[in-house]
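For reference, the chains in residue letters:
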Amino acid sequence: MAIHGEVEAAANDEHQVYEKDVAQVKVIKGGEAFNQAMIAEPPRTWSRRSLILYACSIVGFFCSTCNGFDGAMFNSLLALQQFKDYFNVENNGAWTGIVTSMYAIGGVVAIPFIGPAIDTWGRRVGIYIGAISIVLGTIIQSTTLHSSNPIGQFMGGRFLLGWGVAIVAAAGPTYVVEVSHPAHRGVVTAFYNTFWFVGSILAAGAARGAAHLNGNPAWQIPVWLQLAFPSLCILLTWLLPESPRWLYVHGKRDKAKALLAAYHGDGSPDSIWVEMQLKEYEEYLEMDGADKRWWDYRALFKNRASCYRLACNCTISIFSQWAGNGPISYFISAVLDTAGIRDSITQLNLNLGLNVMQFCLALFGASLVDKVGRRPLLLFANIGCSIIWIGATVSSSIVARTASPASGKAVVAMIFLFDAVYSIGFTPMQALYPVEVLSFEMRAKGMAFSNLAVNAATLVNQFAYPVALQKIGWKTYLVFVIWCPIQAIVIYFFIPETKNRTLEELDDIFNSKNPRKSSLEKKKLALDADANILIVEDA
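Heads up: these notes are all about the structure in this document.

About the thresholds
- Residues numbered from 1 in each chain as written.
- Predicted model: local features only at pLDDT ≥ 70, side-chain atom pairs only at ≥ 80, totals over all residues.
- Heavy atoms only, no water.
- Helix = DSSP H or I, 4+ residues; strand = E, 2+ residues; numbered from the N terminus.
- Buried < 20%, exposed > 50% of the residue type's maximum accessible area, 1.4 Å probe, protein only.
- Lys, Arg positive; Asp, Glu negative; His and termini not counted.
- Charge placed at Lys NZ, Arg CZ, Asp CG, Glu CD.
- Pairing = 2+ DSSP bridges.
- Axes fitted to C-alpha atoms, helices over the stretch in contact; angles between N-to-C directions.
- Contact = heavy atoms within 4.5 Å.
- Parallel < 35°, antiparallel > 145°, perpendicular 65-115°, else oblique.
- Nonpolar A, V, L, I, M, F, W, Y, C, P; charged D, E, K, R; others polar.
- Phe/Tyr/Trp six-rings, centres within 6.5 Å; stacked < 30°, edge-to-face > 60°.
- Left-handed = near helix turned anticlockwise from the far one by under 90°.

## What to know about the overall build of the chain
At step 1: A tally of helices and strands in the chain yields 25 helices and three strands.
At step 2: By principal-axis analysis of the C-alpha atoms, the chain measures approximately 80 × 50 × 40 Å.
At step 3: Buried positions account for 59% of the 539 residues belonging to the chain.
At step 4: For the chain, the distance from the average position of its 42 positive side-chain charges to the average position of its 41 negative side-chain charges is 8 Å.

## Describing the environment of T402
At step 1: Inspection of the secondary structure assignment puts T402 in helix α19 (residues 374–402).
At step 2: Taking the C-alpha atoms as reference points, T402 and N35, separated by 367 residues in sequence, lie 59 Å from one another.

## Considering the pairing of strand β2 (residues 522–527)
At step 1: Across six bridges, strand β1 (residues 24–29) lies against β2 in antiparallel orientation. Its bridge partner being in β2, K29 is matched across the sheet by K522.
At step 2: Summarising the sheet, β2 and strand β3 (residues 533–538) pair through five bridges and their orientation is antiparallel. Bridge assignment links K523 to a residue of β3, and that residue is D538.
At step 3: The antiparallel hairpin formed by β2 and β3 contains five residues in its connecting segment, where A531 sits at a positive phi of about 65°.

## Things to note about helix α6 (residues 111–119)
At step 1: By the criterion of burial, α6 is predominantly enclosed, with seven of the nine residues buried.
At step 2: The complete set of buried residues in α6 reads I111, I114, G115, P116, A117, I118 and D119.

## Observations regarding the sheet that holds β3
Strand pairing within a sheet occurs via backbone hydrogen bonds; the two strands may be parallel or antiparallel.
At step 1: Ordered by their spatial adjacency, three strands build an open sheet running β1-β2-β3, and the pairing between neighbours is antiparallel. Of all strands in the sheet, those bounded by a partner on one side alone are β1 and β3. The average undirected angle you get between the axes of adjacent strands in this sheet is 25°.
At step 2: In the packing of helix α2 (residues 32–40) onto the sheet, contacts are made with β1, β2 and β3, and the angle to β1 comes to roughly 130°.

## Side note on helix α21 (residues 429–436)
At step 1: The buried count for α21 comes to seven of eight residues, which makes it a mostly enclosed element.
At step 2: Residues of α21 that are buried: M429, A431, L432, Y433, P434, V435 and E436.

## Some remarks on the packing of helix α9 (residues 185–194) against α21
At step 1: At a minimum axis distance of 6 Å, the contact between α9 and α21 shows a crossing angle of 130°. Taken as axis vectors, α9 and α21 run oblique relative to one another. Across the interface between the two elements, R185, G186, T189, A190, Y192 and N193 from α9 touch Q430, A431, L432, V435 and E436 from α21.
At step 2: Its residues assigned to classes, the contact of α9 with α21 comprises five nonpolar, four polar and two charged.

## Remarks on the packing of aromatic side chains
At step 1: Enumeration according to the criterion identifies 30 aromatic pairs in this entry.
At step 2: On the numbers, 6.0 Å between centres and 75° between planes, the contact of W46 with Y54 is edge-to-face.
At step 3: When the centroid spacing of 5.5 Å and the interplanar angle of 55° are considered together, the rings of F87 and W219 count as tilted. Remark: W219 occurs in helix α11 (residues 217–224) and F87 occurs in helix α4 (residues 81–87); sequence separation between them is 132 residues. As far as burial versus exposure is concerned, F87 and W219 are alike and both buried.

## Considerations on the packing of helix α14 (residues 253–263) against helix α15 (residues 272–284)
At step 1: In the contact formed by α14 and α15, the axes pass within 9 Å of each other and the chain directions differ by 145°. The handedness of the crossing between α14 and α15 comes out as right-handed. On α15, the residues touching R253, K257, L260 and A261 of α14 are V274, Q277, L278, Y281 and E282.
At step 2: Residues belonging to the contact of α14 with α15 are distributed by class as follows: five nonpolar, one polar and three charged.

In structure tokens, the structure reads:
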């Protein structure tokens, strides 16, 4: 074979590699150690231990469900006449923006507490603290019938909900990405955000089922049901294994090794996956890093690589909120009004149908993150959304001029198409990409910055868009026609690919001169019969 001649020519004088030493040659994208482990010891995806670890991750997924329930619940409340009558409001305008913004403001206020909650006592405690706050916020929000100031109390409950969700939204994906097997990390962590729709479907279904009730029970039932998933987090968190990386840097190396052997090595401490990760922990993890000091944020800005990581984290977090999902996620009732669909039951039916469709397509998108890669999915989402917004803008403008039923149906079709594209390309990335681009020392505090970026972007969505929909209607959509292509350009030129690498191997990508270019390079590995790497060449 020609490669054998290339291998022999590339061998140095100190360690001559002969043709007979080479058992196979692989062209790879990704980290060398990761690909070597995949060849030498292919992971057992459906083993009993893997299934147990997936079950632990599902508890982490409930953090996303808490967030999804609120998004769909408030969306549904704005379509319920009983809710609007009780608070004397409409589904758009300044009041709607202010009340929904209280949720985002709570998330911003939580930012200084995210790092300490997750770093100091472990990832599980971070989930627990956030879930407790969500439960308290739900109770406050649900008992406004007995308040002399129901609007103020409702806003206070939403503030506390936002505070708690900000913490679980950082703790959940941090836990999942760190506890997952390296070979399954991408898909499992991508599934995290698909569980947003489990909450949204249940909330939309509860609101639809209660819509025929008279008076306040119509909106009280879905509000009280918001207790379900944070309560499960509170009850189940203590049954989970802790993150092996957190155990390792806190001096519990034997526990970290035992956990890796049990769940990543299929019970064997001599597994190549266990040995590889322990070696990387020793090489890459800071034993006295900024994660040990609640006040120390220097790790986020200490060098070019750290700044690039944080920029990637915040960029994808913001882009995921500014693709046009904001008006649809929280204000679909007002969006449907612009399409001439004003019946509340029809709006609730469409909202429920959207959530079911999005969940199925998000699961499909999550299954592609390691096959297709992160960058192609993000580019597909932004280019696709831009094209769809052109159709939605044209259709809505016709509805505004002629009240055409056909154009109204076209707007609804565009909303479904938008959510389909967004669910495949963006939904799996919203939790996966921001958390995996951060190093361990940066991860908890970096996710706090991610939450800051999300909440800042959400404040625009929740305050500006309802006013814009009220004042200029369909012309609001022109913003997304222009902005989505800009997002695609930024992703193409600056965002690195992260698939086929361990979390620690990403250090080499971000330390390179051009992280995006480095992440896309192919390498040629020559391996012996035991899958040991003999030579590495550029492909």
